[in-house]
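Remarks on the overall topology
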Protein chains: 4
Amino acid sequence: MNSFGNILRLTTFGESHGPGIGGVLDGFPAGIDIDVDFVEAELARRRPGQSALTTARRESDHVEFLSGLWEGKSTGCPIAFLVRNENQHSGDYENLRDVFRPSHADFTYQTKFGLRDHRGGGRTSARETVARVVAGALAKIALDERGISVTAYTEQVGDVRLERDYRRYDFSLIETNAVRCPDPAAAEEMAALITRVKAEGDTVGGVVTCVIQGCPAGLGEPVYDKLSADLGAAMLSINAVKGFEIGEGFAGVAQRGSQQNDLFVPAPADGFPVLEKGGALRPSGITTLTNHSGGIQGGISNGNDIVMRIAFKPVATLLQEQPTVNVQGEAVRVQARGRHDPCVLPRAVPVVEAMAALTILDHYLLAVSRKW
Amino acid sequence: MNSFGNILRLTTFGESHGPGIGGVLDGFPAGIDIDVDFVEAELARRRPGQSALTTARRESDHVEFLSGLWEGKSTGCPIAFLVRNENQHSGDYENLRDVFRPSHADFTYQTKFGLRDHRGGGRTSARETVARVVAGALAKIALDERGISVTAYTEQVGDVRLERDYRRYDFSLIETNAVRCPDPAAAEEMAALITRVKAEGDTVGGVVTCVIQGCPAGLGEPVYDKLSADLGAAMLSINAVKGFEIGEGFAGVAQRGSQQNDLFVPAPADGFPVLEKGGALRPSGITTLTNHSGGIQGGISNGNDIVMRIAFKPVATLLQEQPTVNVQGEAVRVQARGRHDPCVLPRAVPVVEAMAALTILDHYLLAVSRKW
Amino acid sequence: MNSFGNILRLTTFGESHGPGIGGVLDGFPAGIDIDVDFVEAELARRRPGQSALTTARRESDHVEFLSGLWEGKSTGCPIAFLVRNENQHSGDYENLRDVFRPSHADFTYQTKFGLRDHRGGGRTSARETVARVVAGALAKIALDERGISVTAYTEQVGDVRLERDYRRYDFSLIETNAVRCPDPAAAEEMAALITRVKAEGDTVGGVVTCVIQGCPAGLGEPVYDKLSADLGAAMLSINAVKGFEIGEGFAGVAQRGSQQNDLFVPAPADGFPVLEKGGALRPSGITTLTNHSGGIQGGISNGNDIVMRIAFKPVATLLQEQPTVNVQGEAVRVQARGRHDPCVLPRAVPVVEAMAALTILDHYLLAVSRKW
Amino acid sequence: MNSFGNILRLTTFGESHGPGIGGVLDGFPAGIDIDVDFVEAELARRRPGQSALTTARRESDHVEFLSGLWEGKSTGCPIAFLVRNENQHSGDYENLRDVFRPSHADFTYQTKFGLRDHRGGGRTSARETVARVVAGALAKIALDERGISVTAYTEQVGDVRLERDYRRYDFSLIETNAVRCPDPAAAEEMAALITRVKAEGDTVGGVVTCVIQGCPAGLGEPVYDKLSADLGAAMLSINAVKGFEIGEGFAGVAQRGSQQNDLFVPAPADGFPVLEKGGALRPSGITTLTNHSGGIQGGISNGNDIVMRIAFKPVATLLQEQPTVNVQGEAVRVQARGRHDPCVLPRAVPVVEAMAALTILDHYLLAVSRKW
């Protein structure tokens, strides 16, 4: 219920106003050199307070590894980690104890469990994604050993959007601006929009694009654990995500099959990488002219770039007064206090990457187990 | 790997040109009256050859229950069922033995498993959805006992599309046309488009909308098995699905939080249904003014209608010659023979409903187990 | 709930007096030559009516494969199979409709599900083990490709017992007698005891020993899915099993550590086989002087023979009148009719082997996935 | 791999010489009052250094709850906890870095993972059971709300053994002696034996009996997740366990069915408790004259006391020099230093109870989910 993955399995725990957020990553391969600085750097990418566009909460978010590492390497045993909470202003939430905030999980949690920690959303807080980023960083380290990379960026904020084709953009520019957008001009527009919305006490949504490169053909299970289905579940488990598409997605439905089919062509010296017995990769000698499929055909990776888009709704927490009801079902008014993100996109980018990396490594291990 | 669900678990098997397609549904509650005629009627909705818009293959698709029913009731033990294949033209596929059809799973399966049944796609055939429809029909029967209904329809074919708000349409009209569209005029346009595309030896995609009504608040697990994530995985596991969204989905990202929030209001005599201990439902006395969330907040149902949209790409099988490569990586040309759907939408509607019903019943049972 | 295994997963279905018994084996490696005659031969070993010592029911138990095989090889997709029931005397059970037979599952099933198929025990019938034997035969075929064998035999019936050390016996004699005991003289005594007990309308229990040879070191997960724990669960899931031990088991507790420790010694040219990346085996150059551990240390195989003992209680079905209660809680008397085994041991031997083979192959595949 | 349970799921982490041992308990019901002092008291029962019979290591073993509790109650979200390690003498193990201790998991871990933390056994250390005891204490608290109790005691140490029938003993005496044996005279003999063995630098094994009282009928899944199979797996996952039996176990196999059957009799005013919809219990009006089955029939609890016996081998760590091999396969000699238990039985008792409590609560929740 609080776990993700098949044979690489992340279990997370923690509430935003409890002792901390943490996780246990089980099934991670043994013998991999773990660069803890890289993990911290990934955490810094999702940290609140990193720019004027995000919440003003400042959390240092230092990760403590509790198990599974020894002399700098993974041991094959569960890697547990803990990020302590700090800088909590629990008092900001006291007025919310008996109130259901609009479009938050307050009502649904209260209904499900009969009680809830009202401070900062408790378990429903996006602070849970701290654990995903730590685990995802570990997965990235392993994937990097096989030449597989995961890159996400902000494609759209409100009505400011990039072109859809990721190949038009230079990924090295993503981290050069606070929005995490590879087009500096668009990034400025997005930043201006977020600033304006914030000033109005309002919020805005957007779209993240995620590209996985170097992934070999043969990952994904045939029917229910299709790679596309598991990637979709991964993304839809992130707070505020309301849509997921792969390849041409919704835009492609209006086209003809003759426009959408990706034609195979010989690539004698190269071609899509293919997973071999024991986990090594070899070139297949085959490629395609186009990638409308987004790197997945019949639920299994084909060796091309895997391309996904993820829709984030505008954050529900407004710095405006809104009507709502309380636990007794009575009409009341509520206004959030404290420090909140007007737009989650900049900080969602590393979370998307983390979930993608975990999904790919899980399926990589599964695929290896199926090579007799 | 070929199973779906948490504690209601469907495992399917079978290839399009083997003995048959079947499944085992485990965890289905005991003591439910099973109307086998209803199951057969659901199967008839996905059957090939049901109209001029679908493939000309004619399969009677009679389901045989092998276990789990006794004196007309479910026993609580696994319900196994088998639909025998018939009317197979395996010869239609002999030319495909060593060829990778464009945008099919031929290449990815061969890569993954080292061999594949080339006849009709083997396990990758959409004929696998026969098993989903049978199991989904059983889930619908159970949900109906709790007043929960699942309804899907074709919202878009190619560039012919309905308005987005499902409340504008009369669900009783869905089954009055071959496209399964609740707007008769649009249905005629869609049918004309499919007919035209078919004449060209081409194919076209579309969008299915699915609405779950009467679902109580409290279904869905907090973080990774969010109801939205599991519904997304369910839909993305269907052949040809390339996108999934819930509530406002991608369209909502351009809006402000103040436009998207669903405000709670008192509904003293009624309101959203809530799951109680033991599985009964009671009115909550609370409702919302809008449903931008699509019935799910924080990953848990809130009692409102659950609204999803699913994108189907155009079918990859064209009745045109296309360039491709063979198993040896050499350039060849391929042309499908036989009988294929120019558009999967009409027959996808019952499959979407089936996956939705299975997901909801699974989470219903999980939610009951969490009521101490 | 009706599934077994981690990434090699068997799901079974069927009741003794329904259409048949079957299963779905998912995760079985692709490309393995399947000798259907061997599968049938294994089924014949558990078949009723094979000798005067077993029930007089005669069932031909022919297996039909429904999926997952193609041109004589496994495809990597789920292998489904069905064994039709025949020769049912459902009338034999009509008197049991409202009665709870002593030490049967009648009361517990009725309590759990609120209804039950009273004919032949429904799902609780040992006929379910047909599915295990079919799946286990497939697992044996795969293990044989890696030089791993699984052998079980009857070690004890009532108070007639062999010596504990399996190395004193010639496994080639096991199938030379109806009891499946490698000591012909003891086998005769056992047969005489079973015949005597049967004449009294009574039943008797016994012990099966199971030895796995050629299993490489490195199988089993560290803590909860210890190989010993999963083998134990496998055996304890067989009808009538009430005890399980590995290595010295209960007898070893009275000894000292200095007597029980298995001392490692160099074996330069040979030694225990070890699992390598990609699933190949290599000699470790290490062996032990003794095998008190039964081939498992710290829950992980060490490459030595894995040795288990499994206790079967006497069958609960007596051909004697017994007092009991009915569904209304009233005192009644019951007498079984029909054809029943006075002792399950002879037919349990292949079931034990099947469960062992499935467990080992599952852990073999898991271990391969963990070799980075 | 490091998780236990179906819908109540414990994941543990930590090594004996790392930062600490901890766990995440997911699926625990919401709204239960958690008595942290009780949890600490349970931990004290397994703590090293509690008497002269156990290892001289002194660890205060204070538990910190990291999540899932709020205002003294469980929230329904994962309960994470951490017990920091202290009083580590890692230097005691430096001589073991390249040596495989006899009958330890050193060789099998090295084989499986390619590296291992040699200090104190790393993940293979029995210190991992700290996490089981914490989680088990929480499960006991929940079960207590339903009147279900779990009691274990030392039945045998070496060749000193109690009579088999637990009803001859007064459970209130168990905690009155260091051995945790309900017969004070036998406890003295056992203590004397342990003291003698310790003086010899040797170790000795034993048997724990565990009795679950008040468990309703209807727990356990029909075939593979039989309650007996899951209890067996739970016990066999504990370090040093080599045998498990339920009811009459191995002793019962020599008897006749007519001796072993438990005859049902009316108990109009009372009888075995039965699980009802929503999780309440009611009397069944039925009981049995005997309990040879050990409270489980057909894999499902029948409402009678559940009775198990668990065999623990003598500890492998001797304070004697032993021959063995090193990582290079060369013959060497090894002698443990430091502080070790000569007999695990006294400290194993709370671990057995913990695993039993977790298994029963898991199946309780599963059974509730199956009441439609």
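Rules behind the numbers
- Residues numbered from 1 in each chain as written.
- Chains lettered and ligands numbered in written order.
- Predicted model: local features only at pLDDT ≥ 70, side-chain atom pairs only at ≥ 80, totals over all residues.
- Heavy atoms only, no water.
- Helix = DSSP H or I, 4+ residues; strand = E, 2+ residues; numbered from the N terminus.
- Rg over C-alpha atoms; globule rule 2.2 N^0.38 Å.
- Buried < 20%, exposed > 50% of the residue type's maximum accessible area, 1.4 Å probe, protein only.
- Lys, Arg positive; Asp, Glu negative; His and termini not counted.
- Charge placed at Lys NZ, Arg CZ, Asp CG, Glu CD.
- Expected span 1.5 Å × (residues − 1).
- Arc of directions from axis to C-beta.
- Contact = heavy atoms within 4.5 Å.
- Polar contact = N/O pair within 3.5 Å; in protein donor to acceptor, adjacent residues only side chain to side chain.
- Buried area = accessible area lost by both parts, 1.4 Å probe.
- Salt bridge = Lys/Arg side-chain N within 4 Å of Asp/Glu carboxyl O.
- Nonpolar A, V, L, I, M, F, W, Y, C, P; charged D, E, K, R; others polar.
- Pairing = 2+ DSSP bridges.
- Core = buried A, V, L, I, M, F, W, Y, C linked by side-chain atoms within 4.5 Å.
- Least-squares fit on C-alpha atoms with pLDDT ≥ 70 in both.
- Axes fitted to C-alpha atoms, helices over the stretch in contact; angles between N-to-C directions.
- Parallel < 35°, antiparallel > 145°, perpendicular 65-115°, else oblique.
- Disulfide = S-S within 2.5 Å.
- Phe/Tyr/Trp six-rings, centres within 6.5 Å; stacked < 30°, edge-to-face > 60°.
- pLDDT = per-residue confidence, 0-100.

**With respect to the overall build of chain A**
What chain A contains, in helices and strands, is 7 helices and 21 strands. The C-alpha radius of gyration computed for chain A amounts to 21 Å, which stays within 12% of the reference 21 Å derived for 372 residues, consistent with globular compactness. In terms of overall dimensions, chain A has a C-alpha envelope of 70 × 50 × 40 Å along the principal axes. Across the 372 residues in chain A, those meeting the buried criterion constitute 72%. Averaged over its 38 positive side-chain charges, chain A has a centre that lies 4 Å from the centre of its 45 negative ones.

**Details of helix 4 (residues 184-199) of chain B**
Residues and elements named next belong to chain B. Relative to the 22 Å expected for 16 residues at 1.5 Å per residue, helix 4 spans 23 Å between its end C-alpha atoms, a close match to the ideal helical length. Buried residues of helix 4: Ala186, Ala187, Met190, Ala191, Leu193, Ile194 and Val197, and no others. Projected onto a plane normal to the axis of helix 4, the buried residues spread over an arc of 160 degrees and lie on a single side. In this structure, helix 4 carries Ala185, Glu188 and Ala199 as exposed residues pointing more than 90 degrees from its buried face. Buried residues in helix 4 make contact with strand 9 (149-157), strand 10 (160-161) and helix 7 (345-369). Sitting at the amino-terminal end of helix 4 is aspartate 183, which places a side-chain oxygen 3.0 Å from the backbone nitrogen of alanine 185. Positive backbone phi, approximately 70 degrees, marks glycine 201, located one or two places after helix 4.

**Quick notes on unusual backbone geometry**
Residues other than glycine predominantly adopt negative phi, and peptide bonds predominantly adopt the trans conformation. You will see that Arg180(B), though not glycine, has its phi angle at about 65 degrees, which is positive. Relative to the helices and strands, Arg180(B) is located in the loop between strand 10 and helix 4. Accessibility expressed as a relative area gives 5% for Arg180(B), which makes it buried. We note that Ser103(D) has phi near 60 degrees; this positive angle belongs to a residue other than glycine. Looking at the element boundaries, Ser103(D) is found in the loop between strand 8 (99-100) and helix 2 (106-113).

**Let's talk about the interface of chain B and chain A**
At the interface, 103 residues of chain B touch 103 residues of chain A. In total, chain B and chain A occlude about 7900 Å² of area from one another, counting both sides; carbon and sulfur atoms represent 63% of this. Interface area lost by chain B to chain A is led by Lys112(B), Tyr224(B) and Lys242(B), which between them contribute 12%. The interface formed by chain B and chain A includes 2 salt bridges. For Glu221(A), the salt bridge identified is with Lys112(B), shortest N-O distance 3.5 Å. Inspection of the region where chain B meets chain A yields 35 residue pairs in polar contact (both at pLDDT 80 or more). In terms of residues, the side of chain B that touches chain A owes the most to one element, helix 2 (residues 106-113) of chain B, which gives 6 residues. Residue composition of the side of chain B that touches chain A, grouped by class: 47 nonpolar, 37 polar and 19 charged.

**Concerning the environment of Asp61(B)**
All names here are of chain B. Position of aspartate 61 relative to the elements: it lies in the loop between helix 1 (36-46) and strand 4 (63-65). Along the primary structure aspartate 61 and alanine 44 are separated by 17 residues, whereas in three dimensions their C-alpha atoms are 7.7 Å apart. Sequence-distant contacts of aspartate 61, that is, excluding residues within four places in its chain, are made with Glu40, Leu43, Arg46, Arg47, Pro48, Val83, Arg127 and Val130. For aspartate 61, the side chain forms a polar contact with the side chain of arginine 127, separated by 3.0 Å.

**A few points about the sheet that holds strand 7 (residues 79-84) of chain D**
Two strands in a sheet stick together by hydrogen bonds in their backbones, pointing the same way (parallel) or opposite ways (antiparallel). Residue and element names in this part refer to chain D. Here we have 5 strands laid out as an open sheet, ordered 1-2-3-7-4, and antiparallel in their pairing. Looking at strand neighbours, the two that pair on one side only are strand 1 (3-4) and strand 4 (63-65), the edges of this open sheet. Bridge count between strand 2 (residues 9-14) and strand 3 (residues 20-26): 6 bridges; the pairing is antiparallel. Residue pairing for strand 3: glycine 14 is matched across the bridge by isoleucine 21.

**Description of the nonpolar core**
Core analysis: the biggest nonpolar cluster contains 368 residues, and Met308(A), Met308(B), Met308(C) and Met308(D) have the highest contact counts within it. Not counting the four nearest positions on each side in its chain, Met308(B) is found in contact with Val208(B), Thr209(B), Cys210(B), Ile212(B), Leu231(B), Met235(B), Phe244(B), Glu245(B), Ile246(B) and Ala356(B).

**Quick word on the interface of chain A and chain D**
The partner chain D presents 42 residues to the 42 residues of chain A that form the contact. Carbon and sulfur atoms supply 63% of the area buried between chain A and chain D, which totals about 3200 Å² over both sides. Three residues stand out in chain A for area buried against chain D, namely Leu66(A), Trp70(A) and Leu115(A), and they jointly supply 20% of the buried area on that side. Inspection of the chain A/chain D interface yields 4 salt bridges. Between Glu71(D) and Arg97(A) there is a salt bridge, and its shortest N-O distance comes to 2.8 Å. Here chain A is connected to chain D by 8 residue pairs in polar contact (both at pLDDT 80 or more). Those elements that provide at least two residues to the side of chain A that touches chain D are strand 2 (9-14), strand 3 (20-26), strand 4 (63-65), strand 6 (73-74), strand 7 (79-84) and helix 2 (106-113) of chain A. No other element matches strand 2 of chain A, which puts 5 residues into the side of chain A that touches chain D.

**Quick word on the relation of the copies chain A and chain D**
Superposing chain A onto chain D requires a rotation of 180 degrees together with a translation of 0.0 Å along the rotation axis, leaving an RMSD of 0.0 Å. Expressed as an axis order, the relation between the two copies is that of a two-fold axis. A shared interface surface links the copies, since 100% of the contact residues of chain A are contact residues in chain D too.

**Considerations on the packing of helix 1 (residues 36-46) of chain C against helix 7 (residues 345-369) of chain C**
Residue and element names in this part refer to chain C. Interhelical geometry of helix 1 versus helix 7 gives an angle of 140 degrees and a closest axis separation of 7 Å. Classified by the angle between their axes, helix 1 and helix 7 sit oblique to one another. Counting all contacts with helix 1, which are made through Glu42, Arg45 and Arg46, the residues of helix 7 involved are Arg347, Val349, Pro350 and Glu353. Taken together, the residues of the contact of helix 1 with helix 7 sort by class into 2 nonpolar, no polar and 5 charged.

**Things to note about the state of the cysteines**
Counted by the stated rule, this structure contains 0 disulfides over all chains. The structure places no disulfide on Cys215(B), whose sulfur is separated from the nearest cysteine sulfur, that of Cys210(B), by 11 Å. Residue classification places Cys215(B) among the buried positions, given a relative accessible area of 0%. For the unlinked cysteine Cys343(C), the closest cysteine sulfur is that of Cys181(C), found at 12 Å. We classify Cys343(C) as buried; its relative accessible area is 1%.

**Re the packing of aromatic side chains**
Scanning the entire structure with this criterion turns up 42 aromatic pairs over all chains. Ring centres 5.4 Å apart and planes at 70 degrees place the aromatic pair Phe100(C) and Phe107(C) in the edge-to-face group. The residues Phe100(C) and Phe107(C) share a single accessibility class, namely buried. Between Tyr153(D) and Phe171(D), the aromatic rings sit 5.9 Å apart at their centres with planes inclined by 50 degrees, giving tilted as the arrangement. Placement of Tyr153(D) in strand 9 (residues 149-157) and of Phe171(D) in the loop between strand 10 (160-161) and helix 4 (184-199) is noted, with a sequence separation of 18 residues between them.

**Some points on the environment of Tyr364(D)**
Inspection of the secondary structure assignment puts Tyr364(D) in helix 7 (residues 345-369). By relative accessible area, which is 1% here, Tyr364(D) ends up buried. Sequence-wise, Tyr364(D) and Ser67(D) are 297 residues apart; in three dimensions their C-alpha atoms are separated by 23 Å. Look past the residues within four positions of Tyr364(D) in its chain and what remains in contact with it is Trp372(B), Arg146(D), Ile148(D), Pro216(D), Leu219(D), Leu275(D), Gly279(D) and Leu281(D).

**A few points about the confidence of the model for chain A**
Across chain A, the average pLDDT comes to 94, with 98% of residues at 70 or higher. On the interface metric, ipTM, the complex scores 0.97, and its pTM is 0.97.

**Considerations on the environment of Thr124(A)**
Residues and elements named next belong to chain A. Along the polypeptide, threonine 124 turns up in the loop between helix 2 and helix 3 (129-144). Accessibility expressed as a relative area gives 19% for threonine 124, which makes it buried. Put simply, threonine 124 and aspartate 106 are 18 residues apart on the chain and 8.6 Å apart in space, counted from C-alpha to C-alpha. When sequence neighbours within four positions are dropped, the list of residues in contact with threonine 124 reads Ala105, Tyr109 and Asn239. Engagement of the side chain of threonine 124 in a polar contact is seen with the backbone oxygen of glycine 121, the distance being 2.7 Å.

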